[in-house]
Amino acid sequence: MKGIVFTEFMEMVEQEFGLEVLDQIINESNLASGGIYTSVGTYDFIEMRSLIVKLSEKTGLSVNALLYAYGKTFFAVLEKNHANIFSLYSGPLEMLASIENHIHVEVRKLYPGAELPTFRIIQQDDNSLEMMYYSDRSMYMFAKALMEQTFAHYHENSRIELEMVQENGTQVRFRIYKEPHAVS
């Protein structure tokens, strides 16, 4: 897993839960890296899993709730560092539909060796998108947060449903609907 995912996670933990909690989860996780990450390095996902599990134990929040919160935070990093990519798409559904064939291709250019989930489009029309998520890491709630933030970026409303195809979260069906704006 690319180091930027670790460094941004550490920053989120420090901001949201404090330096003491960050130090505790690093010390209690028995990390091969010692908890020292660079944004361009590559690290074992087991370390991220260990950090998230320890943070869950410390905070009482579920692993999925933490992954979701982190996804929302990480989107801001993507928005800041890769703002140009959003101008390539007319809206959130178009952008989400391009994850596998465009966005992940570009990510792999920027971060060679990045291990990314796979997204397969099942159905798409002007107001909805159905896709399958595949990843041994089961970070589907991180993906859901990124999807929701994509809609927020384009100032659009959404409803995102997920169906656990595999109970362990390695295969999840996302049904994404563009919702009409509320009438003021």
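### Re the sheet that holds strand β3 (residues 157-164)
Taken in spatial order, the four strands of this open sheet run β1-β2-β4-β3, and their pairing is antiparallel. The strands lining the two open edges of the sheet, one partner per strand, are β1 (118-124) and β3. Geometrically, the sheet is characterised by an average inter-axis angle of 20 degrees between neighbouring strands, direction not taken into account. Both strand β2 (residues 128-134) and strand β4 (residues 171-179) contribute to a ladder of seven bridges, which runs antiparallel.

### Focus: the packing of helix α1 (residues 3-17) against helix α4 (residues 63-81)
The geometry of α1 relative to α4 is characterised by a closest axis approach of 10 Å and an angle of 115 degrees between their N-to-C directions. Considering the relative orientation of α1 and α4, their crossing is right-handed. Mapping the contact onto sequence places Ile4, Val5, Glu8, Phe9, Met12 and Phe17 in α1 and Leu66, Ala69, Tyr70, Thr73, Phe74, Val77 and Asn81 in α4. Tallied by class, the residues present in the contact of α1 with α4 amount to 10 nonpolar, two polar and one charged.

### Structural notes on the pairing of β2
The element β2 is extensively covered by neighbouring structure, given that six of its seven residues are classed as buried. In the sheet, β1 pairs with β2 via six bridges, with the strands oriented antiparallel. Each residue of the ladder has a partner; that of Thr118, found in β2, is Tyr134.

### A closer look at the pattern of salt bridges
All told, the structure shown has 12 salt bridges when counted by the stated rule. Of the charged contacts, one joins Arg159 and Glu161 as a salt bridge, the two residues approaching to 2.4 Å between their closest N and O atoms. When its relative accessible area of 32% is taken as the criterion, Glu161 is described as partly exposed. Where Glu163 meets Arg175, a salt bridge forms, and the shortest distance between an N and an O atom there is 3.0 Å.

### Side note on helix α2 (residues 19-28)
Looking at α2, one finds that the buried residues are Val21, Leu22, Ile25 and Ile26. Each buried residue of α2 sits inside an arc of 135 degrees when the element is viewed along its axis, so together they form one side. Of the residues in α2, the exposed ones pointing more than 90 degrees away from the buried face are Glu20 and Asn27. Where α2 is buried, its residues meet α1 and α3 (45-59). Taken from the residues just after α2, Asn30 is the one with a positive phi, measuring 50 degrees.

### Topic: a negative patch on the surface
Negative charge collects at one region of the surface, where Glu11, Glu14, Glu20 and Asp23 lie side by side. Contributing elements (two or more residues each) for the negative patch: α1 and α2. Looking at the secondary structure, you find Asp23 in helix α2.

### Some points on α3
In this model, α3 (15 residues) spans 21 Å end to end at C-alpha, consistent with the 21 Å of a helix rising 1.5 Å per residue. Within α3 the residues assigned to the buried category are Phe45, Glu47, Met48, Leu51, Ile52, Leu55 and Ser56. Looking at the buried side of α3, the elements it contacts are α1, α2 and α4. Where α3 begins, the side chain of Asp44 points an oxygen toward the backbone nitrogen of Ile46, at a separation of 2.9 Å. Gly60 sits one or two positions beyond α3 and adopts a positive phi of about 80 degrees.

Basis of the calculations
- Residues numbered from 1 in each chain as written.
- Predicted model: local features only at pLDDT ≥ 70, side-chain atom pairs only at ≥ 80, totals over all residues.
- Heavy atoms only, no water.
- Pairing = 2+ DSSP bridges.
- Helix = DSSP H or I, 4+ residues; strand = E, 2+ residues; numbered from the N terminus.
- Axes fitted to C-alpha atoms, helices over the stretch in contact; angles between N-to-C directions.
- Left-handed = near helix turned anticlockwise from the far one by under 90°.
- Contact = heavy atoms within 4.5 Å.
- Nonpolar A, V, L, I, M, F, W, Y, C, P; charged D, E, K, R; others polar.
- Buried < 20%, exposed > 50% of the residue type's maximum accessible area, 1.4 Å probe, protein only.
- Salt bridge = Lys/Arg side-chain N within 4 Å of Asp/Glu carboxyl O.
- Arc of directions from axis to C-beta.
- Patch = residues over 30% accessible without salt bridge, like charges linked within 9 Å, V, L, I, M, F, W, Y side chains within 5 Å.
- Areas by Shrake-Rupley, 256 points an atom, 1.4 Å probe, with all protein chains shown as cover.
- Lys, Arg positive; Asp, Glu negative; His and termini not counted.
- Charge placed at Lys NZ, Arg CZ, Asp CG, Glu CD.
- Expected span 1.5 Å × (residues − 1).
- Polar contact = N/O pair within 3.5 Å; in protein donor to acceptor, adjacent residues only side chain to side chain.

That is the geometry; function is a separate question.
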